[in-house]
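Now for the letters of each chain:
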Amino acid sequence: MNRAIRRVSVAAAIMVILLLLQLTNVQVFQANSLRQDPRNSRMLLDEYSRQRGQITADGQVLAVSVPAEGQIPWQRQYPDPDSVPFSPVVGYYSLQYSTAGLESTQDAFLNGSDDRLWTERLRGFLSGRTPQGGNVDLTLSPAGQRTAYDALQRGTGQGPLVGSVAAVKPSTGEILSLASSPSFNPNDLLSGSDEASQTMENLTQDPGQPLLNHATQTALPPGSIYKVITTAAALESGMTPDSPVSGAPSTVLPGTVTSLENYGGSTCGGGGTTTLSTAFALSCNVPFVESAPQIGQDKFEDVAKRFGYDGQAPDIGVPTSPSGVGDVGDDAQLAMSAIGQSDVRSTTLQAAMMAATVSNNGKRMHPQLIRRLQAPNLSTVSEFKPKEAGEAVSPDIAAQLTTLMEGSEQHSGGGLPGVQIASKTGTAEHGEGDSSVPYTWYIAFAPGRDVAVAVCIESGPGITSDTVGATVAAPIGREVIGSILGGAQ
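Residues numbered from 1 in each chain as written. Predicted model: local features only at pLDDT ≥ 70, side-chain atom pairs only at ≥ 80, totals over all residues. Heavy atoms only, no water.

A few words now on helix α9 (residues 194–205). Taking 1.5 Å as the rise per residue, α9 with 12 residues should run 16 Å; its terminal C-alpha atoms sit 17 Å apart, in good agreement. For α9, the set of buried residues is A196, M200 and L203. Along the axis of α9, the buried residues cluster in a sector spanning 65 degrees; they form a single face. Along α9, exposed side chains directed more than 90 degrees from the buried face belong to D194, E195 and Q205. (Helix = DSSP H or I, 4+ residues; strand = E, 2+ residues; numbered from the N terminus. Expected span 1.5 Å × (residues − 1). Buried < 20%, exposed > 50% of the residue type's maximum accessible area, 1.4 Å probe, protein only. Arc of directions from axis to C-beta.)

Its boundaries defined by the atoms lining it, the largest pocket holds a volume of some 1100 Å³. Lining the largest pocket are 43 residues; nearest its centre among them are Y263, G264, N285, T427 and E429. Of all the secondary structure elements, the ones that give two or more residues to the lining of the largest pocket are β11 (259–261), α12 (276–282) and β17 (422–428). The dominant element in the lining of the largest pocket, judged by the number of residues it contributes, is β17, at 4 residues. Across the lining of the largest pocket, the residue classes break down as 13 nonpolar, 23 polar and 7 charged. In terms of lining residues, the second largest pocket is bounded by 20 residues, among which D315, I316, H366, P367 and Q368 are the most central. Counting only elements with at least two residues in the lining of the second largest pocket, the list comes to α16 (348–359) and β13 (363–365). Taken together, the residues of the lining of the second largest pocket break down into 8 nonpolar, 7 polar and 5 charged. (1 Å grid on protein atoms, 1.4 Å probe; cavity = no way out; pocket = protein on both sides within 12 Å on 5 of 7 lines; lining within 4 Å. Points joined across faces, edges and corners; volume = space filled by probe spheres on them. Nonpolar A, V, L, I, M, F, W, Y, C, P; charged D, E, K, R; others polar.)

A word on the pairing of β17. Counted residue by residue, β17 has 6 buried out of 7 residues, so it is predominantly covered. Pairing of β17 with strand β18 (residues 439–445) involves 7 bridges; the strand directions are antiparallel. Among the inter-strand pairings, K424 is bridged to a residue of β18, identified as I443. (Pairing = 2+ DSSP bridges.)

Strand order in the open sheet made by the 5 strands is β8-β7-β19-β18-β17, with antiparallel pairing throughout. Edge positions in the sheet fall to β8 (175–181) and β17, since each has one partner strand and no second. In this sheet, neighbouring strand axes are inclined to one another by 5 degrees on average, regardless of whether the strands run parallel or antiparallel. Inspection of the sheet shows strand β7 (residues 162–168) paired to β8 by 6 bridges, in the antiparallel sense. Within the sheet, the bridge partner assigned to A166 lies in β8 and is L178. Sheet strands touched by helix α17 (residues 395–410): β17 and β18. Its angle to β17, the strand with the most contacts, is close to 65 degrees. (Axes fitted to C-alpha atoms, helices over the stretch in contact; angles between N-to-C directions. Contact = heavy atoms within 4.5 Å.)

Our focus in this paragraph is the environment of R306. With respect to the helices, strands and loops of the structure, R306 is situated in helix α14 (residues 297–306). Take R306: its relative accessible area is 21%, and that puts it in the partly exposed class. Considered as a pair, R306 and A389 are 83 residues apart in the sequence and their alpha carbons are 8.5 Å apart. If we skip the residues at most four places from it in the chain, R306 touches E236, K299, R364, E391, A392 and V393. Within the local environment of R306, its side chain forms a polar contact with the side chain of D302, the two groups lying 2.7 Å apart. (Polar contact = N/O pair within 3.5 Å; in protein donor to acceptor, adjacent residues only side chain to side chain.)

It is worth spelling out the pairing of β8 at this point. When you tally the buried positions in β8, you get 7 out of 7 residues, the bulk of the element. Taking the residues that link successive antiparallel strands as the turn, the β7-β8 hairpin has 6 residues, and the phi of G173 there is positive, at about 85 degrees.

Read these as layout, nothing more, since geometry by itself doesn't imply function.
Have a look at this one:
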């Protein structure tokens, strides 16, 4: 009998110890993860009891909390109809669907729990007032953002496009536009109604992926816009804009029997021998493919990394995907990489930073989306300063690239009244067959005007296998540059 009691006592003691260990694990080691778990409705209700901070851009309120009735004292609102162009950046704050975008990445500061707001929490405790969240102020240009989004919705006149626009300030890296299409209205996701559930289901099933920020999270083959980096590597290797290159309509990839053509199988500059300047302006493939082995893999990858194509996702406060050259295994892959194909991938934001780097005399800046963080009393808690990422190319080579890009713009049927534009178009093939729709690109900047832009069109009504960067992407890019410059005057 005593032996049985001892066994039960030992078992009970072990169970108590295990219970204490588990309680310690939950309350100490898992406390933060459980508190931040989006399924933790108690924490969400606690957050909704506080006035959440605003998200603003150049004085325009993009997200605000207003008094509400019932169990939840404060309700998040996104001013309509202006919220839709900003939604992929701002995201949403929903009791049913948790958070996304800046509402997610800056959640601690917006809800007031960030350590940098401890003095505000102390004041609230001493005064008996519920603490408020801090404000997040962005670098975005509201005019540029709306212009970019409206242009993507207008498309070719047949309906909205799937694509994105990014615009930046070359001298500082400030992001002026991050437009993504399709988008969504975050106000439709705030309630727990059946309508909100149906809206979320429709958004998640939409093949255009409206919940995705296409400007920062979609990395695609950049096509001929990448010739800017290839040309920079060529210039560093001793070539000049006047260097002779092949004007043949086709060539054979190094080490293979695979033939590669210029667009449409055309000659470059009339055939025979032409110059690097002409090949760049006409976006001929053959000269760049044939020059790749002479440039060499080491130089090619080194210049790419200096331009930010290093396989690292930039930290700008919203989800981003990395851009890079991928695997350059042999001369054939190097040749295809030189024209922005093979494993080369670029987000629209990184493409804009490429153009901005040339505009900024070869100096690459870190992209910056958040201008400042403010306490509830609007005092500045943290202000973001321009940060240089390094010199991608020398000022001399940047000047040569600028001249080449100005020549490219002249061959793209573009320009803005009274504004000089330097640009490069791109058309990136993907998929199989003649019916596949290419990704079309346009990067540009206004020399001396401190604005650079990139446009990527993925698909949409009116986009066919014959669409090129100059036909749809370029007009959108010029319109955005004009809008931003108009607002700056």
